[in-house]
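Each chain, letter by letter, is given below.
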Amino acid sequence: MSNSILLKIENEIAFITLNRPEVFNSFNREMALSLQSILDDCETNNEVRAIVITGGGKAFCAGQDLKEVTSPKLNPGFKKILEEHYNPIILRIRNIEKPIIAAVNGVAAGAGANIALACDIVVANQKAHFIQAFSLIGLIPDSAGTYFLPRLIGFQKATALAMLGNKISAEEAERLGMIYKFVPSEEFEETTQRIALKLANMPTKALGLIKKTFNQSLTNTLEEQLALESKHQIEAAGTEDYAEGVAAFIEKRTPNFKGK
(Lines give C-alpha, C1' and ligand atoms only; values in the text may rest on other atoms or scores of the structure.)
Protein backbone atom coordinates (compact mmCIF):
# COMPACT_ATOMS: atom_id res chain seq x y z
CA MET A 1 0.00 0.00 0.00
CA SER A 2 1.28 3.48 -0.82
CA ASN A 3 2.09 5.74 2.11
CA SER A 4 0.31 8.61 0.29
CA ILE A 5 -2.94 7.06 1.53
CA LEU A 6 -3.22 5.60 5.03
CA LEU A 7 -5.87 3.07 6.03
CA LYS A 8 -6.96 2.04 9.51
CA ILE A 9 -9.93 -0.23 10.18
CA GLU A 10 -11.42 -0.02 13.65
CA ASN A 11 -14.89 -0.82 15.01
CA GLU A 12 -16.05 -1.65 11.46
CA ILE A 13 -15.02 1.82 10.28
CA ALA A 14 -12.38 2.37 7.59
CA PHE A 15 -10.44 5.56 8.26
CA ILE A 16 -8.79 6.70 5.03
CA THR A 17 -6.26 9.51 5.40
CA LEU A 18 -4.91 11.49 2.46
CA ASN A 19 -1.25 11.63 3.42
CA ARG A 20 0.80 14.14 1.47
CA PRO A 21 0.78 16.90 4.08
CA GLU A 22 3.85 18.59 2.63
CA VAL A 23 1.73 19.58 -0.41
CA PHE A 24 -1.58 19.94 1.47
CA ASN A 25 -2.60 16.45 0.36
CA SER A 26 -2.83 17.45 -3.28
CA PHE A 27 -3.28 14.57 -5.71
CA ASN A 28 -0.71 13.11 -8.03
CA ARG A 29 -1.34 10.03 -10.15
CA GLU A 30 0.04 7.57 -7.62
CA MET A 31 -2.15 8.95 -4.84
CA ALA A 32 -5.30 8.99 -7.00
CA LEU A 33 -4.85 5.37 -8.07
CA SER A 34 -4.06 4.32 -4.51
CA LEU A 35 -7.27 5.91 -3.22
CA GLN A 36 -9.28 4.06 -5.87
CA SER A 37 -7.70 0.77 -4.83
CA ILE A 38 -8.39 1.34 -1.14
CA LEU A 39 -12.00 2.30 -1.83
CA ASP A 40 -12.39 -0.92 -3.80
CA ASP A 41 -11.03 -2.89 -0.85
CA CYS A 42 -13.40 -1.13 1.54
CA GLU A 43 -16.35 -1.90 -0.73
CA THR A 44 -15.74 -5.66 -0.64
CA ASN A 45 -14.50 -5.95 2.95
CA ASN A 46 -17.35 -7.22 5.12
CA GLU A 47 -15.53 -5.89 8.19
CA VAL A 48 -16.11 -2.34 6.90
CA ARG A 49 -19.57 -0.84 7.41
CA ALA A 50 -18.70 2.86 7.25
CA ILE A 51 -15.88 4.88 5.67
CA VAL A 52 -14.27 8.14 6.76
CA ILE A 53 -12.04 10.15 4.40
CA THR A 54 -9.89 12.85 5.99
CA GLY A 55 -6.59 14.62 5.47
CA GLY A 56 -3.28 14.38 7.27
CA GLY A 57 -1.72 17.55 8.63
CA LYS A 58 -3.36 20.96 8.25
CA ALA A 59 -5.30 20.39 5.03
CA PHE A 60 -8.03 18.08 3.79
CA CYS A 61 -6.99 18.26 0.15
CA ALA A 62 -5.78 21.10 -2.06
CA GLY A 63 -6.87 19.35 -5.27
CA GLN A 64 -4.47 18.57 -8.08
CA ASP A 65 -0.72 18.78 -7.51
CA LEU A 66 0.14 21.48 -10.04
CA LYS A 67 3.79 20.40 -10.07
CA GLU A 68 2.65 17.20 -11.76
CA VAL A 69 0.77 18.99 -14.55
CA THR A 70 3.50 21.56 -15.15
CA SER A 71 6.37 19.08 -15.31
CA PRO A 72 6.90 17.69 -18.85
CA LYS A 73 8.24 14.42 -17.43
CA LEU A 74 5.35 13.87 -15.01
CA ASN A 75 2.34 15.50 -16.66
CA PRO A 76 -0.24 12.81 -17.53
CA GLY A 77 -2.47 15.37 -19.30
CA PHE A 78 -5.94 16.52 -18.29
CA LYS A 79 -7.75 13.79 -20.22
CA LYS A 80 -5.96 11.08 -18.24
CA ILE A 81 -6.22 13.01 -14.97
CA LEU A 82 -9.98 13.32 -15.27
CA GLU A 83 -10.82 9.97 -16.85
CA GLU A 84 -8.37 7.87 -14.81
CA HIS A 85 -8.00 9.83 -11.55
CA TYR A 86 -10.91 11.97 -10.41
CA ASN A 87 -13.92 10.62 -12.29
CA PRO A 88 -13.33 7.06 -11.02
CA ILE A 89 -12.89 8.35 -7.46
CA ILE A 90 -16.22 10.21 -7.59
CA LEU A 91 -18.03 7.21 -9.08
CA ARG A 92 -16.64 4.93 -6.39
CA ILE A 93 -17.72 7.30 -3.62
CA ARG A 94 -21.27 7.45 -4.99
CA ASN A 95 -21.61 3.77 -5.92
CA ILE A 96 -20.16 2.09 -2.82
CA GLU A 97 -23.22 0.93 -0.87
CA LYS A 98 -21.79 1.98 2.46
CA PRO A 99 -21.95 5.42 4.10
CA ILE A 100 -18.95 7.63 3.43
CA ILE A 101 -18.11 10.61 5.62
CA ALA A 102 -15.80 13.41 4.53
CA ALA A 103 -14.09 14.67 7.68
CA VAL A 104 -12.79 18.00 6.39
CA ASN A 105 -10.04 18.94 8.80
CA GLY A 106 -8.64 21.91 6.86
CA VAL A 107 -8.67 23.54 3.46
CA ALA A 108 -10.63 21.69 0.76
CA ALA A 109 -9.87 23.29 -2.58
CA GLY A 110 -10.55 22.41 -6.20
CA ALA A 111 -10.97 18.67 -6.70
CA GLY A 112 -10.42 18.25 -2.96
CA ALA A 113 -13.55 20.29 -2.21
CA ASN A 114 -15.62 18.38 -4.75
CA ILE A 115 -14.47 14.96 -3.54
CA ALA A 116 -15.70 16.01 -0.10
CA LEU A 117 -19.04 17.21 -1.48
CA ALA A 118 -19.55 13.88 -3.27
CA CYS A 119 -19.50 12.04 0.07
CA ASP A 120 -22.71 11.14 1.88
CA ILE A 121 -22.06 13.27 4.96
CA VAL A 122 -19.59 16.14 5.28
CA VAL A 123 -18.38 17.17 8.74
CA ALA A 124 -15.97 20.10 8.82
CA ASN A 125 -13.58 21.45 11.40
CA GLN A 126 -14.52 25.03 12.27
CA LYS A 127 -11.11 26.09 10.92
CA ALA A 128 -11.74 24.43 7.54
CA HIS A 129 -12.78 26.25 4.40
CA PHE A 130 -13.88 25.36 0.87
CA ILE A 131 -12.70 26.92 -2.38
CA GLN A 132 -13.80 26.29 -5.96
CA ALA A 133 -10.32 27.39 -7.02
CA PHE A 134 -10.51 26.35 -10.67
CA SER A 135 -11.37 29.72 -12.23
CA LEU A 136 -8.44 31.33 -10.43
CA ILE A 137 -6.10 29.44 -12.77
CA GLY A 138 -8.32 29.46 -15.85
CA LEU A 139 -10.12 26.13 -15.42
CA ILE A 140 -13.66 24.94 -14.73
CA PRO A 141 -14.86 22.88 -11.75
CA ASP A 142 -14.41 19.15 -12.23
CA SER A 143 -14.74 16.08 -9.99
CA ALA A 144 -18.54 16.51 -10.23
CA GLY A 145 -18.43 20.03 -8.83
CA THR A 146 -20.78 21.26 -11.56
CA TYR A 147 -23.14 18.38 -10.69
CA PHE A 148 -23.34 18.42 -6.90
CA LEU A 149 -22.74 22.07 -6.02
CA PRO A 150 -25.83 23.50 -7.81
CA ARG A 151 -27.96 20.74 -6.30
CA LEU A 152 -26.65 21.43 -2.81
CA ILE A 153 -26.81 25.23 -2.70
CA GLY A 154 -28.72 26.35 -5.80
CA PHE A 155 -27.79 27.40 -9.32
CA GLN A 156 -27.11 31.09 -8.68
CA LYS A 157 -24.91 30.64 -5.61
CA ALA A 158 -23.01 27.74 -7.16
CA THR A 159 -22.30 29.74 -10.32
CA ALA A 160 -20.99 32.66 -8.27
CA LEU A 161 -18.69 30.46 -6.18
CA ALA A 162 -17.39 28.68 -9.28
CA MET A 163 -16.71 31.93 -11.15
CA LEU A 164 -15.41 34.07 -8.29
CA GLY A 165 -13.43 31.38 -6.48
CA ASN A 166 -14.46 32.74 -3.09
CA LYS A 167 -13.22 31.09 0.09
CA ILE A 168 -16.17 29.72 2.10
CA SER A 169 -15.81 29.06 5.82
CA ALA A 170 -17.08 25.83 7.36
CA GLU A 171 -19.77 27.79 9.18
CA GLU A 172 -20.94 29.43 5.96
CA ALA A 173 -20.84 26.08 4.15
CA GLU A 174 -23.24 24.64 6.72
CA ARG A 175 -25.52 27.68 6.48
CA LEU A 176 -25.69 27.28 2.69
CA GLY A 177 -26.52 23.59 2.94
CA MET A 178 -23.21 22.65 1.31
CA ILE A 179 -22.23 20.39 4.22
CA TYR A 180 -23.95 18.54 7.06
CA LYS A 181 -22.30 20.43 9.91
CA PHE A 182 -19.25 22.24 11.20
CA VAL A 183 -17.91 21.61 14.69
CA PRO A 184 -15.41 23.37 16.94
CA SER A 185 -11.84 22.22 16.44
CA GLU A 186 -11.61 20.61 19.87
CA GLU A 187 -14.70 18.50 19.14
CA PHE A 188 -13.96 17.64 15.51
CA GLU A 189 -12.32 14.23 15.88
CA GLU A 190 -14.75 13.04 18.56
CA THR A 191 -17.79 14.18 16.57
CA THR A 192 -16.56 12.50 13.40
CA GLN A 193 -15.90 9.23 15.19
CA ARG A 194 -19.27 9.34 16.92
CA ILE A 195 -21.13 9.79 13.62
CA ALA A 196 -19.05 7.08 11.93
CA LEU A 197 -19.63 4.65 14.79
CA LYS A 198 -23.36 5.28 14.69
CA LEU A 199 -23.44 4.59 10.95
CA ALA A 200 -21.31 1.45 11.36
CA ASN A 201 -23.86 0.08 13.83
CA MET A 202 -26.89 0.85 11.68
CA PRO A 203 -28.53 -1.43 9.07
CA THR A 204 -25.86 -1.25 6.37
CA LYS A 205 -28.02 -2.71 3.60
CA ALA A 206 -30.70 -0.10 4.19
CA LEU A 207 -28.13 2.70 4.21
CA GLY A 208 -26.78 1.44 0.90
CA LEU A 209 -30.29 1.39 -0.57
CA ILE A 210 -30.91 4.95 0.69
CA LYS A 211 -27.76 6.00 -1.14
CA LYS A 212 -28.78 4.24 -4.37
CA THR A 213 -32.27 5.70 -4.23
CA PHE A 214 -31.02 9.24 -3.62
CA ASN A 215 -28.51 8.89 -6.45
CA GLN A 216 -31.25 8.10 -8.95
CA SER A 217 -33.53 10.83 -7.62
CA LEU A 218 -31.19 13.34 -9.23
CA THR A 219 -32.41 12.36 -12.70
CA ASN A 220 -35.65 10.39 -12.21
CA THR A 221 -39.18 11.62 -12.80
CA LEU A 222 -41.58 11.45 -9.86
CA GLU A 223 -43.16 8.30 -11.28
CA GLU A 224 -39.78 6.65 -11.75
CA GLN A 225 -38.72 7.57 -8.23
CA LEU A 226 -41.90 6.17 -6.69
CA ALA A 227 -41.33 2.89 -8.53
CA LEU A 228 -37.73 2.82 -7.37
CA GLU A 229 -38.75 3.45 -3.77
CA SER A 230 -41.14 0.51 -3.97
CA LYS A 231 -38.44 -1.75 -5.38
CA HIS A 232 -35.83 -0.81 -2.79
CA GLN A 233 -38.30 -0.84 0.11
CA ILE A 234 -39.26 -4.42 -0.73
CA GLU A 235 -35.55 -5.29 -0.87
CA ALA A 236 -34.90 -3.62 2.49
CA ALA A 237 -37.86 -5.44 4.06
CA GLY A 238 -36.22 -8.75 3.15
CA THR A 239 -33.06 -8.11 5.17
CA GLU A 240 -32.15 -9.59 8.54
CA ASP A 241 -31.64 -6.09 9.90
CA TYR A 242 -35.25 -5.16 9.15
CA ALA A 243 -36.46 -8.20 11.10
CA GLU A 244 -34.16 -7.26 13.97
CA GLY A 245 -35.28 -3.62 13.90
CA VAL A 246 -38.96 -4.56 14.12
CA ALA A 247 -38.33 -7.13 16.85
CA ALA A 248 -36.32 -4.62 18.88
CA PHE A 249 -39.05 -2.00 18.51
CA ILE A 250 -41.75 -4.41 19.72
CA GLU A 251 -39.55 -5.66 22.57
CA LYS A 252 -38.55 -2.11 23.53
CA ARG A 253 -34.82 -2.77 23.31
CA THR A 254 -31.87 -1.45 21.35
CA PRO A 255 -31.53 -3.25 18.00
CA ASN A 256 -28.38 -5.23 17.24
CA PHE A 257 -27.90 -4.68 13.53
CA LYS A 258 -25.41 -6.92 11.71
CA GLY A 259 -25.40 -5.19 8.34
CA LYS A 260 -27.18 -8.10 6.65
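Residues numbered from 1 in each chain as written. Predicted model: local features only at pLDDT ≥ 70, side-chain atom pairs only at ≥ 80, totals over all residues. Heavy atoms only, no water.

Caption draft 1: How the structure looks around the pairing of strand β1 (residues 5–10). Note that β1 and strand β2 (residues 13–18) share 6 bridges and pair antiparallel. Bridging from a neighbouring strand, E10 pairs with I13 of β2. Between β1 and β2, which follow one another and run antiparallel, lie 2 residues, and N11 among them has a positive phi close to 55°. (Pairing = 2+ DSSP bridges. Helix = DSSP H or I, 4+ residues; strand = E, 2+ residues; numbered from the N terminus.)

Caption draft 2: Focus on a nonpolar patch on the surface. The grouping of L66, F78, L136, I137 and L139 at the surface amounts to a nonpolar patch, some 470 Å² of accessible area in total. Relative to the elements of secondary structure, L66 occurs in helix α2 (residues 66–70). Exposure remark for L66: the relative accessible area of 44% places this residue in the partly exposed category. (Patch = residues over 30% accessible without salt bridge, like charges linked within 9 Å, V, L, I, M, F, W, Y side chains within 5 Å. Areas by Shrake-Rupley, 256 points an atom, 1.4 Å probe, with all protein chains shown as cover. Salt bridge = Lys/Arg side-chain N within 4 Å of Asp/Glu carboxyl O. Buried < 20%, exposed > 50% of the residue type's maximum accessible area, 1.4 Å probe, protein only.)

Caption draft 3: Representation of the sheet that holds strand β6 (residues 121–125). Reading across the sheet, the 6 strands line up as β1-β2-β3-β4-β6-β9 and stay open at both edges, with mixed pairing between neighbours. The sheet is open, and its two borders are formed by β1 and β9 (181–183), each paired with just one other strand. In this sheet, neighbouring strand axes are inclined to one another by 20° on average, regardless of whether the strands run parallel or antiparallel. (Axes fitted to C-alpha atoms, helices over the stretch in contact; angles between N-to-C directions.)

Caption draft 4: Structural detail: the pairing of β6. Counting buried residues along β6, 4 of its 5 residues qualify, which places the element largely inside the surrounding structure. Direction of pairing for strand β4 (residues 100–104) relative to β6: parallel, over a ladder of 4 bridges. Following the sheet pairing, A102 is matched in β6 by V122. The pairing of β6 with β9 spans 3 bridges and is parallel. Bridge pairing links V123 to K181 in β9.

Caption draft 5: Inspection of the packing of helix α1 (residues 29–44) against helix α3 (residues 78–95) at higher detail. Where α1 contacts α3, the two axes come as close as 10 Å, and the packing angle between them is 25°. It follows that α1 is roughly parallel to α3 by the angle criterion. For the crossing formed where α1 meets α3, the hand is left-handed. Contacts from R29, A32, L33, L35, Q36, L39, D40 and E43 of α1 reach α3 at K80, E84, H85, P88, I89, R92, I93 and N95. Classifying every residue of the contact of α1 with α3 gives 7 nonpolar, 3 polar and 6 charged. (Parallel < 35°, antiparallel > 145°, perpendicular 65-115°, else oblique. Left-handed = near helix turned anticlockwise from the far one by under 90°. Contact = heavy atoms within 4.5 Å. Nonpolar A, V, L, I, M, F, W, Y, C, P; charged D, E, K, R; others polar.)

Caption draft 6: Structural detail: the pattern of salt bridges. For the structure on display, the rule yields 11 salt bridges. A salt bridge links E84 to R29; the nearest nitrogen and oxygen atoms lie 2.9 Å apart. Placement of E84 in helix α3 and of R29 in helix α1 is noted, with a sequence separation of 55 residues between them. By relative accessible area, E84 is classed as partly exposed at 32%.

Caption draft 7: Quick peek at the packing of helix α4 (residues 111–118) against helix α5 (residues 145–153). Viewed as axis vectors pointing N to C, α4 and α5 meet at an angle of 60°, and their least axial separation amounts to 10 Å. Classed by the angle they form, the pair α4 and α5 counts as oblique. Crossing geometry of α4 relative to α5 is assigned as left-handed. Judged by residue contacts, N114, L117 and A118 of α4 engage G145, F148, L149 and L152 from α5. Here the contact of α4 with α5 is composed, by residue class, of 5 nonpolar, 2 polar and no charged.

Limitation: the analysis is restricted to geometry and does not speak to function.
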